[in-house]
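A look at the structure
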Amino acid sequence: MPETQAKRDVIAIRDDVETEREIEAVLAWHDENVRAAICTLLNDIRHLRHQA
């Protein structure tokens, strides 16, 4: 199966303390509402793609 462009562009997230703190900060910002946090992150990604 050929590798897609999306798969090649994926950057692995390090599983370390810094990443865990960032996740906790995002969830805290959204009052532990995972759905709201994901929505904001997806909107951020969409915004960045339009800038490119």
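What this report covers is the structure whose coordinates are included nearby. No experiment lies behind these values; they were computed from the predicted model shown. (Residues numbered from 1 in each chain as written. Predicted model: local features only at pLDDT ≥ 70, side-chain atom pairs only at ≥ 80, totals over all residues. Heavy atoms only, no water.)

1. Let's talk about helix α3 (residues 34-51)
In a regular helix each residue adds 1.5 Å, so 18 residues correspond to 26 Å; α3 covers 26 Å between its end C-alpha atoms and thus fits that length. A side-chain oxygen of the first residue of α3 lies 3.1 Å from the backbone nitrogen of R35; this N-cap is N33. (Helix = DSSP H or I, 4+ residues; strand = E, 2+ residues; numbered from the N terminus. Expected span 1.5 Å × (residues − 1). Polar contact = N/O pair within 3.5 Å; in protein donor to acceptor, adjacent residues only side chain to side chain.)

2. Notes on the side chain of H30
Positionally, H30 belongs in the loop between α2 (17-29) and α3. Judged by relative accessible area, which is 15%, H30 ranks as buried. Those residues in contact with H30, other than ones at most four positions away along the chain, are A36, A37 and T40. (Buried < 20%, exposed > 50% of the residue type's maximum accessible area, 1.4 Å probe, protein only. Contact = heavy atoms within 4.5 Å.)

3. Here's the deal with the environment of V26
You can see V26 is positioned in helix α2. Of the residues examined, V26 reaches a relative accessible area of 27% and is grouped as partly exposed. Distance from V26 to A36, taken between C-alpha atoms, is 9.7 Å for residues 10 residues apart in sequence. In contact with V26, not counting residues within four places along its chain, are A37 and L41.

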